[in-house]
Amino acid sequence: MKRGALIALLVIVVILLGLFIVGGFIYLQFTQEPHIPQQAYLKIDLSGTLSETAPVRVLPIGPEALTIHDLWFHLERAARDPRIQGVLLRIQYLDAGFAKVREIGGLVKRFSASRKPVAAILIDGGLKEYYLASFADKVIAFKGGALTLSGIGAEAMFLKNTLSKLGIQAELFHIGDYKTASNTFTEERMTPAHRESMQALIDDLYAAVIEGIAANRKLDPAKVKALLDRSPLPLDEYVKAGLVDTLGYDDDLIKQMPANHPEVAFRAYAKTRSPQPFAGARKIAVIFAAGEINTGRSGGGSLLGGEVMGADTVAGHLRQARNNSAIKAAVLRVDSPGGSAVASDLILREAELLAEKKPLVISMSDVAASGGYWISLASRKILAHPETITASIGVITGKFVVKGLYDKIGVNKEILKTSEFAAMYSDYQPFSEAEKSKVLGDMERIYGDFLDKVARNRRMEKAAVDQVGRGRVWSGRAALRLGLVDGFGGLADAVEEARKLARIPAGERFGVRIYPQKKSFLEALFEMAEVRADSPLDVQARLQAYRRYFPAMAMPFALHCF
C-alpha cells in the first residue's frame, strides 16, 4: 500500500474512532440516569422565567429552564416515589404571572398531601415570590434581605406623541371601548374605560392573592390585607404576624427536615424515569398551547418578542389526539394573549372536531384572552385560576401610516393598483372613507362571529355576551361570576376532570400523552436543519396575518408588585 493511502486510511480510522467516542459520550449523557439515594429531599430552585413547556434545544448548553409541564409531571412522580421524603424550594425573582404562581403552589400542595413536608426559603422578590412560598409548610425569609409585599400596580405606555414626532400615524380601530391594546399607539393617556377595567383587574388580582395567602397561612384575610397595605416592613414584623415562620440562610433550609438526608437537584431527578405517575392503556392527551397566535408552525420569535403559537402545530396536535384511539379525553392548556383571528379559528375548528368525539377540558394559565379565549370555546369545561387574565372578547385591526417618516428620510413611493381597494393596507397613505367602511364592516363580522361562538359554547344570550365583551379583560375570579369559565383549578385538576368525563374509574391507572413531545437530540438537530420551501414567505405571511383581523395584541399594560 502506498504511503499516501496508508496515511489517509489512518486519518479515517482516527476520525471514526473520535466520532465513536464523542457519540458514546453523548449517548451516556442523554441516557444514563442519575443515582437517587434513599430518603432524599428534592431541591427546586425557582427563579426567572417560568414557561409552559421548554423550547427545543439542539445543544444542551447551560441549564434548561424549569417549566410548568416538568414541575407538574415530576412532582406527581415524587409524591409516589419512596426515595423522596420532601421538597425544598429556593425562591428568587420570578418572571411569571400570579396564575402561574398559584399553579405551582397548587402542585406543591398536591405533593404535601402525600404526607411529605415542603419547606421554602425566600431569597429575593416581592409579593409574587412570597405568594409562592406561602404554599409551603414552612416559610423562611432570607435573613440578610428585605421583603416588600406592598401590592400590585399596573402601568401602561402611550406612544402617540412619540410616533407623531417620527412621522408615523397609527390608524387602528377597535370594537368595544375596553379593547385597549391599540391605545398604546392612538392615545396620550388612559381613557376612562381603560382606567376602569385596569383598576378592576388589579383589585381582583390583589383580592385573590390575599385570599390565597390567608388560606395558606391560616390567617384572617382582613389582617393579611392590613399587613400588606403597610408593607414594606421589618422582617421580624412578618414573623410576628404569622406570614413567615423564621428568618435564616440557605443552610437553614435543610434544617427544616430530619437530619442526615441528602438533597437531590430537581434537574437531576427529572432525568430519571421511575416511578411513572401515569400508566395505562387508556390515555388522556395534554396539549400545551402558548404564545401569540399566528398561522404556520409554533416556535420562538414572535413580533411581540415571545413565543408563537402556530395554528398548524396546535391544530395538528388536536388532530392527532382525535385520531388516536387510545386517547379517551384531552386537556388543552392555554397561555396566550391572542393574535390572528384566522389562526385562532383554525385551532378552534380542530378543537371542535376533537370535542365531537372525546371530552375536551381547557386549563387556563396566566393569560387566555382574546384569541386565547377564542380557542377555548369548544370545550366541555373551562378551568382557570382566580388570577388568570381572560376574555377580552373584541377585535382590533388597522395599520401604521409611515409616509411622514419616509418623507423625513427621503423615501418616495408610487402606488399602482388594479381595483379600488387593492392598496388599502399600504403604509404610504391613510384609509379612505370607503376603505375604512370596508375595514369596519369586516371587524363587525368578526366580532359578531366571536359573540356567536361564546354564546353557543357558554349557553348565554348574544346580548349578554356583548355586555361582558366589548374587549374587556377580566380576572378568572370575575370570569367565573360572569359565566365565562366553569370553575377554578390548575392543570392537575383539568386532567382529573378529563378522566371523569372520559369515565375512567378513579381506581384505574391511565396514561398521559403530552403535546408537543420532547424531541431527541437527533430529532431536534434535523428539525433545525430542515429547509422548507415556504420559509422565505414566513415573515411576510406573519406580518400580513398580524396586521389584518387580529382579535388581540399583547396585553397593553405591565403588572408590577410594588
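Refer to the structure above for everything that follows.
Caption draft 1: A look at the overall build of the protein. The helix and strand inventory of the protein stands at 21 helices and 20 strands. For the protein, the proportion of its 562 residues judged to be buried stands at 49%. In the protein, the share of contacts with a sequence separation of at least 24, taken over all contacts with a separation of at least 6, comes to 77%. Total accessible area on the protein stands at roughly 26,300 Å², and carbon and sulfur atoms take up 55% of it.

Caption draft 2: Here's a closer look at the pairing of strand S3 (residues 118–122). Where burial is concerned, most of S3 is hidden: 5 out of the 5 residues are buried. Where burial is concerned, the two faces of S3 agree: the one with Val 118, Ala 120 and Leu 122 and the one with Ala 119 and Ile 121 are both buried. Taken together, the 5 bridges between strand S2 (residues 84–95) and S3 define a ladder with parallel strand orientation. What sits directly across from Leu 88, in S3, is Ala 119. You can see the chain leave S2, run along helix H3 (residues 98–112) and come back into S3, and the turn it takes is right-handed. By the bridge criterion, 4 bridges tie S3 to strand S4 (residues 138–142) in an arrangement that is parallel.

Caption draft 3: Region of the structure containing the nonpolar core. With 82 residues, the main nonpolar core has Ile 44, Leu 46 and Trp 72 as its most contacted residues. Counting residues per element, this core draws most heavily on helix H7 (residues 192–217), which supplies 9 residues. Apart from residues no more than four positions distant in its own chain, Trp 72 is found in contact with Leu 107, Phe 278, Val 286, Leu 491, Ala 492, Val 495, Val 512 and Ile 514. By size, the runner-up hydrophobic cluster in this structure holds 55 residues, among which are Ile 287, Leu 318, Ala 343 and Met 460.

Caption draft 4: Region of interest: the packing of helix H2 (residues 68–80) against H3. Running from N to C, H2 and H3 cross one another at 10°; their axes reach a closest spacing of 9 Å. Relative to H3, H2 is oriented roughly parallel. Mapping the contact onto sequence places Ile 68, Leu 71, Trp 72, Leu 75, Glu 76, Ala 78 and Ala 79 in H2 and Lys 100, Glu 103, Ile 104, Leu 107, Arg 110 and Phe 111 in H3. Looking at the contact of H2 with H3 residue by residue, the class counts come to 9 nonpolar, no polar and 4 charged.

Caption draft 5: Broad picture of the packing of aromatic side chains. Following the criterion strictly, the structure yields 12 aromatic pairs and no others. Consider the rings of Trp 72 and Phe 278, whose centres lie 5.5 Å apart with planes at 40°: the pair is tilted. Placement of the pair is Trp 72 in helix H2 and Phe 278 in the loop between helix H11 (266–269) and strand S9 (283–290), with a sequence separation of 206 residues. In terms of burial, Trp 72 and Phe 278 fall into one category: buried. Through a chain of ring-to-ring contacts, the aromatic side chains of Trp 72, Phe 73, Phe 278 and Phe 510 assemble into a single cluster. Geometry around Phe 98 places Lys 128 over its ring, the cationic atom sitting 5.6 Å from the centre. The residue whose ring lies beneath Arg 472 is Tyr 178, and the NZ or CZ to ring-centre distance is 5.0 Å.

Caption draft 6: View of the packing of helix H12 (residues 311–323) against helix H13 (residues 341–357). At a minimum axis separation of 9 Å, H12 and H13 run at an interaxial angle of 5°. When the axis of H12 is compared with that of H13, the two are roughly parallel. Two secondary-structure elements touch here, H12 through Ala 311, Val 314, Ala 315, Leu 318, Arg 319, Ala 321 and Arg 322 and H13 through Ala 343, Leu 346, Ile 347, Glu 350, Ala 351, Leu 353, Leu 354 and Lys 357. When grouped by side-chain class, the residues that make up the contact of H12 with H13 number 11 nonpolar, no polar and 4 charged.

Caption draft 7: Seen up close, helix H16 (residues 433–458). A rise of 1.5 Å per residue sets the reference length of H16, with its 26 residues, at 38 Å; its end C-alpha atoms lie 37 Å apart and thus fit the reference within 8%. The positive-phi residue at the C-terminal boundary of H16 is Arg 459, with phi of around 55°.

Caption draft 8: Quick peek at the environment of Asp 466. Looking at the element boundaries, Asp 466 is found in helix H17 (residues 462–468). As for Asp 466 and Tyr 447, which are separated by 19 residues in sequence, their C-alpha atoms are 9.4 Å apart. Residue contacts for Asp 466: discarding those within four places in its chain leaves Tyr 447 and Leu 451.

Caption draft 9: Layout of unusual backbone geometry. Following Ser 231, the chain continues into Pro 232 via a peptide bond in cis, with omega recorded as 10°. Structurally, the position occupied by Pro 232 is in the loop between helix H8 (221–230) and helix H9 (235–241). In this structure, Pro 275 follows Ser 274 across a cis peptide bond, with omega equal to 0°. With respect to the element layout, Pro 275 can be found in the loop between H11 and S9. Within the chain, Lys 218 stands out as a residue other than glycine whose phi angle is a positive 55°. Along the chain, the position of Lys 218 falls in the loop between H7 and H8. The residue Arg 503 is not glycine, and still its phi comes out positive at about 60°.

Caption draft 10: View of the side chain of Ser 112. Relative to the helices and strands, Ser 112 is located in helix H3. Apart from residues lying up to four places away in sequence, Ser 112 is in contact with Val 118 and Asp 137.

Definitions and cut-offs
- Residues numbered from 1 in each chain as written.
- Predicted model: local features only at pLDDT ≥ 70, side-chain atom pairs only at ≥ 80, totals over all residues.
- Heavy atoms only, no water.
- Helix = DSSP H or I, 4+ residues; strand = E, 2+ residues; numbered from the N terminus.
- Buried < 20%, exposed > 50% of the residue type's maximum accessible area, 1.4 Å probe, protein only.
- Contact = heavy atoms within 4.5 Å.
- Areas by Shrake-Rupley, 256 points an atom, 1.4 Å probe, with all protein chains shown as cover.
- Pairing = 2+ DSSP bridges.
- Right-handed = clockwise from strand over helix to strand, strands pointing away.
- Core = buried A, V, L, I, M, F, W, Y, C linked by side-chain atoms within 4.5 Å.
- Axes fitted to C-alpha atoms, helices over the stretch in contact; angles between N-to-C directions.
- Parallel < 35°, antiparallel > 145°, perpendicular 65-115°, else oblique.
- Nonpolar A, V, L, I, M, F, W, Y, C, P; charged D, E, K, R; others polar.
- Phe/Tyr/Trp six-rings, centres within 6.5 Å; stacked < 30°, edge-to-face > 60°.
- Lys NZ or Arg CZ within 6 Å of the ring centre and 35° of its normal.
- Expected span 1.5 Å × (residues − 1).

Nothing here speaks to function; it is geometry throughout.
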